[in-house]
Amino acid sequence: MNLLDAQSIIANLGLAGVLGILFTETGLLVGLIFPGDSLLFVAGVAASGTAAAILGGTHLSIVGLLIGAPIATIAGSQLGHYLGHRFGRPLFNRPDGRYFNQKRVQATEKWLKKYGPGRAIVLARYVPFVRTLINPLCGIARVPASTFFLWNVIGGILWSDGIILLGYVLGEKLKGSIDSYLLPVIMVIIVLSLLPLTLEIIREIRTKRHLS
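These numbers were taken from a predicted model, which means no experiment stands behind them. (Residues numbered from 1 in each chain as written. Predicted model: local features only at pLDDT ≥ 70, side-chain atom pairs only at ≥ 80, totals over all residues. Heavy atoms only, no water.)

**Side note on unusual backbone geometry**
Then, in step 1: For Phe-129, which is not glycine, the phi dihedral falls at a positive 70°.
Then, in step 2: Along the chain, Phe-129 turns up in the loop between helix H5 (102–124) and helix H6 (130–140).
Then, in step 3: What makes Phe-129 buried here is its relative accessible area of 12%.
Then, in step 4: You will see that Arg-142, though not glycine, has its phi angle at about 60°, which is positive.
Then, in step 5: Here Arg-142 is to be found in the loop between H6 and helix H7 (145–173). (Helix = DSSP H or I, 4+ residues; strand = E, 2+ residues; numbered from the N terminus. Buried < 20%, exposed > 50% of the residue type's maximum accessible area, 1.4 Å probe, protein only.)

Right under this line is the structure:
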């Protein structure tokens, strides 16, 4: 089993594995390595009529996903916020590694300052690594618990259920041939999720050039 591969997670661990990975990705720094967007999409496909053809007979409950996924992501993010509030900046005082590095922390901090808590928390759901780091950073920045919870719920539902439904609908419409489109669609989702951060970096580079 490969915990970095969405199809492997679903085929071996089922719904419990999906929810566990979502909770970990949004709640703990180790979650930086997990495939949130692609996992949600493949989980949606696994709840459709195409599941048996591409996942070795594994079939997930669409109702269980639509209820469980938001709960897992919201609970994970609440844990991240608590850890940031409880342990503060020392939580990020660690050396750079393959997935965790200070540049990512700085990028997430700029994201929070630019958009403010509400927009930042919702938009961060769609950006890998930012959706993991934004939660403890909101705790460190002392974003009020009520404010964080409100936008965490909104963002968690929109992100998780939105991508699950996308996978489910495509799985239903492309029965028998979704396996041919699965990898390309996942790649498109990943590229789109990275687009906001890429544009932000480009804007920053242009601003620095303009000021220099």
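**Some remarks on the nonpolar core**
Then, in step 1: Membership of the largest hydrophobic core comes to 25 residues, with the highest contact counts inside it found for Ile-10, Val-18, Leu-22 and Leu-39.
Then, in step 2: For this core, the secondary-structure elements that each account for two or more residues are helix H1 (6–27), helix H2 (36–46), helix H4 (62–87), H7 and helix H8 (178–211).
Then, in step 3: It is H2 that contributes the most residues to this core, 7 residues altogether.
Then, in step 4: Filtering out sequence-adjacent residues up to four positions away, Val-18 remains in contact with Ile-9, Ile-10, Leu-39, Ala-43, Leu-60 and Leu-65.
Then, in step 5: With 20 residues, the next largest nonpolar core counts Leu-29, Leu-32, Val-127 and Ile-134 among its residues. (Core = buried A, V, L, I, M, F, W, Y, C linked by side-chain atoms within 4.5 Å. Contact = heavy atoms within 4.5 Å.)

**Some remarks on the packing of aromatic side chains**
In this description, an aromatic ring pair is defined by two values, namely the gap between the centres and the angle between the planes.
Then, in step 1: The tally for this structure, following the rule as stated, stands at 0 aromatic pairs.
Then, in step 2: Its guanidinium or amino end placed over the ring of Phe-87, Arg-86 lies 5.2 Å from that ring's centre, counting from NZ or CZ. (Phe/Tyr/Trp six-rings, centres within 6.5 Å; stacked < 30°, edge-to-face > 60°. Lys NZ or Arg CZ within 6 Å of the ring centre and 35° of its normal.)

**Regarding the pattern of salt bridges**
Then, in step 1: In this structure the tally under the stated criterion is 3 salt bridges.
Then, in step 2: As a salt-bridge pair, Arg-131 and Glu-25 come within 2.9 Å of each other at their nearest N and O atoms. Of the two residues, Arg-131 sits in helix H6 while Glu-25 sits in helix H1, which places them 106 residues apart along the sequence. The exposure classification of Arg-131 matches that of Glu-25, with both residues buried.
Then, in step 3: Between Arg-89 and Glu-109 there is a salt bridge, with the nearest N and O atoms lying 2.5 Å from each other. Remark: Glu-109 occurs in helix H5 and Arg-89 occurs in the loop between H4 and H5; sequence separation between them is 20 residues.
Then, in step 4: By relative accessible area, Glu-109 is classed as partly exposed at 22%.
Then, in step 5: Linked through salt bridges whose partners overlap, the residues forming this network are Glu-25, Asp-37 and Arg-131. (Salt bridge = Lys/Arg side-chain N within 4 Å of Asp/Glu carboxyl O.)

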